[in-house]
Amino acid sequence: MLRDDVPLPVGQVALRDDAGAASPARVLIAALGDLYDPEPVLEPGPLAVRTVTSVVDPPFFGNGDIGRLAVCAAVNALAVAGAEPRRLTLAAVVEAGLPAALLHRAAASVREAVREAGVRVAAVDARVVRAGEADRLTFVATGFGTFTRPPLSVADLRPGDRILVSAPLGSHAVHVLSLRAGLGFEYHVPSDVAPLGGLVEAVRTALPSGALRAAGTVGEGGLAAVLREFAAGSGRALRVDEAALPVPYGAREAFDVLGLDPLYAAGAGCVCLVVDPAAQAAALAALRGHRNGRLAAAVGEVVGATNGADGVNGPGGARGPGGWGGAVEVRSLAGGLAPLRDEAEEGGAPARLL
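Each chain carries its own residue numbering, running from 1 in the direction its sequence is written. In keeping with the predicted nature of the model, local features appear solely for residues at pLDDT of at least 70, side-chain atom pairs appear and are counted solely at 80 or more, and the whole-chain, interface and lining totals rest on all residues. Water and hydrogen atoms were dropped before computing side-chain values, which therefore reflect all heavy atoms in the structure.

(A) Representation of the overall build of the protein within the structure. Each helix and strand counted, the protein has eight helices and twelve strands in total. We call two residues in contact when some of their heavy atoms are within 4.5 Å. When contacts within the protein are restricted to residue pairs at least 6 apart in sequence, long-range pairs at least 24 apart make up 85% of them. Carbon together with sulfur atoms contributes 54% to the accessible area of the protein, which is approximately 15100 Å² in total. Labels follow the DSSP assignment, with helices taken as runs of H or I lasting at least four residues and strands as runs of E lasting at least two, numbered in each case from the N terminus. Only the protein chains shown count as cover for residues, and the accessible areas themselves come from Shrake-Rupley with a 1.4 Å probe.

(B) Examining the packing of helix α2 (residues 66–81) against helix α3 (residues 100–117) more closely. Each axis is a line fitted through C-alpha atoms, and for a helix only the stretch in contact is used; angles between axes span 0 to 180 degrees, taken between their N-to-C directions. Closest axis-to-axis distance for the α2/α3 pair is 7 Å, and the angle between their directions is 30 degrees. Our classification of the angle between α2 and α3 gives roughly parallel. Between α2 and α3 lies a crossing whose hand is right-handed. Residues G67, R68, V71, C72 and V75 of α2 form the contact with α3, whose participating residues are A106, S109, V110, E112, A113, V114, E116 and A117. Three classes are used: nonpolar for Ala, Val, Leu, Ile, Met, Phe, Trp, Tyr, Cys and Pro, charged for Asp, Glu, Lys and Arg, and polar for all others, with Gly counted as polar. A class-by-class count of the residues in the contact of α2 with α3 yields eight nonpolar, two polar and three charged. Roughly parallel covers angles under 35 degrees, roughly antiparallel covers those over 145, roughly perpendicular covers 65 to 115, and oblique covers all other angles. Crossings are sorted by hand: turned counterclockwise from the far helix by less than a right angle, the near helix makes the crossing left-handed, and turned clockwise it makes it right-handed.

(C) Seen up close, the environment of A25. Inspection of the secondary structure puts A25 in helix α1 (residues 24–32). The cut-offs for exposure are 20% and 50% of the maximum accessible area for each residue type, with area from a 1.4 Å probe on protein chains only; residues under the lower value are buried, those over the upper are exposed, and the others partly exposed. Accessibility expressed as a relative area gives 17% for A25, which makes it buried. In this structure the C-alpha to C-alpha distance between A25 and A123, which are 98 residues apart in sequence, comes to 9.8 Å. Setting aside chain neighbours within four positions, we find A25 in contact with V124 and A126.

(D) Expanded view of the sheet that holds strand β4 (residues 84–95). With mixed pairing, four strands are arranged side by side in an open sheet as β1-β6-β4-β5. Every other strand in the sheet has two partners, leaving β1 (47–54) and β5 (120–129) as the edge strands with one partner each. Sheet twist, expressed as the mean angle between neighbouring strand axes with direction ignored, is 15 degrees. Sheet strands touched by α2: β1, β4 and β6 (137–146). Its angle to β1, the strand with the most contacts, is close to 145 degrees. Here the rule is simple: two strands pair whenever DSSP picks up at least two bridges between them.

(E) Structural context of the pattern of salt bridges. By salt bridge we mean one thing: a side-chain nitrogen of Lys or Arg within 4 Å of a carboxyl oxygen of Asp or Glu. One pass over the structure, following the stated rule, counts 14 salt bridges. We note a salt bridge from D65 to R105, for which the minimum N-O separation is 3.7 Å. Here the residue D65 occupies a position in strand β3 (residues 64–65), and R105 occupies one in helix α3, the gap between them amounting to 40 residues. Overall, the relative accessible area of 35% leaves R105 in the partly exposed class. One salt bridge connects D276 with R213, and the closest N-O pair in it is separated by 2.9 Å. With a gap of 63 residues between them, D276 in the loop between β10 (271–275) and α8 (280–288) and R213 in strand β8 (residues 212–217) connect regions that are remote in the sequence. The structure contains a network of salt bridges with shared partners spanning R68, E116 and R291.

(F) Layout of the nonpolar core. V71, L88, V110, V114, L137 and F139 are the most contacted members of the largest nonpolar core, which has 41 residues in total. Contributions of two or more residues to this core are made by α1, β2 (60–61), α2, β4, α3, β5 and β6. Beyond its immediate stretch of four places on either side in the chain, V114 contacts L32, L35, V71, L88, V119, R120 and V121. Each nonpolar core is a collection of buried residues, namely Ala, Val, Leu, Ile, Met, Phe, Trp, Tyr and Cys, held together in the definition by side-chain atoms within 4.5 Å. Core analysis: the next-biggest nonpolar cluster, separate from the first, contains 36 residues, V189, V226, L260 and V274 among them.

(G) Here's a closer look at the environment of E84. Looking at the element boundaries, E84 is found in strand β4. Distance from E84 to E201, taken between C-alpha atoms, is 8.0 Å for residues 117 residues apart in sequence. Those residues within four positions of E84 in sequence are excluded, and the remaining contacts are F144, G145, T146 and T148.

(H) Up close: the state of the cysteines. Disulfide assignment relies on a single distance test, namely cysteine sulfur atoms paired within 2.5 Å. Across all of its chains, the model carries zero disulfides by this definition. Free of any disulfide, C272 has its nearest cysteine sulfur in C270, 7.6 Å distant. The exposure class assigned to C272 is buried, which follows from its relative accessible area of 0%.

(I) Region of interest: the packing of α1 against α3. Closest axis-to-axis distance for the α1/α3 pair is 8 Å, and the angle between their directions is 40 degrees. With respect to α3, the axis of α1 lies oblique. Every pair of crossing elements has a handedness; the one defined by α1 and α3 is right-handed. In this structure, α1 uses P24, V27, L28, A31 and L32 to contact α3, whose residues at the interface are L103, H104, A107, A108, V110, R111 and V114. Residues of the contact of α1 with α3, tallied by class, amount to ten nonpolar, one polar and one charged.

(J) Spotlight on the side chain of S109. On the secondary structure map, S109 appears in helix α3. Overall, the relative accessible area of 13% leaves S109 in the buried class. Dropping the residues within four chain positions of it, S109 is found in contact with D65 and R68.

(K) Quick peek at the environment of A265. With respect to the helices and strands, A265 occurs in the loop between α7 (249–258) and β10. Taking the relative accessible area as the measure of exposure, A265 reaches 1% and is therefore buried. Separated by 91 residues in the primary sequence, A265 and V174 place their C-alpha atoms 7.9 Å from one another.

Don't take any of this as a statement about function, it's just geometry.
Structural data, given as structure tokens:
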């Protein structure tokens, strides 16, 4: 462990350099440039606030890093609530000894993600801690937005509503896990990390009022976690056709090698939307017309009321017509990016009732 009185080599973040010109907070503010706007602004309309703590191992990966991940997570949390993202505050915890070049890389990545999301940063804070105490670099981002339309609510789900996803599933999980294990899949499957406020807004603009029922980010726990929340919050069961799940060939190979289930794999640039059945075609057209939604797909529908206390139907629940298979309970996430696929599920029915 580093001692407080031992200077670090040049080019590394120092434990007691918080007030210096090269402190992490100053590096972030300098990188943001005109996107840093510390003047307090009262936005018109009801206020939405979301806070997200972002950690990832490794914190720097092929086409992204912890900085971009933090900005996108906060912006996307606002977007799926039905709010228009406006401002962010950023707090960083940096380990002493982190190469300064990596800090500058994360700062540049933050700026690019903020610019891409169309927001501004109102406040920045950073602290340096001893090596080994913060996974090298950790971000907490708080997003502030305004509701220019009624908020989205899972309570509005109705039987027959369609479930859509905006992007292939599990790209972020495959990329990070493969990079961590040195498997090589990361060269073929980039992370999907992206700000999605514009994507969700494009769908809302294209649909009649109320046709977009609910939205959720496909993050830790994957699509299964989102749908469990939808089921628990609405009292409805949700049926998913596994054959319809958008999983690219390269990612599918990686899932097989890693023994992971795409339904539970973490994403960083995918949203799940529930829409009125009459609006499915328009919603898919709006998604596919956006650069972050070109591979959007319809993957299931809302069915009847749930029959479990946790909002999830187990085996023996309702059956779907035609190509739908039997009902299978979706497990809750116990920890990590994605749980192992149960051997009992191999070769099972292609549909799940959530």
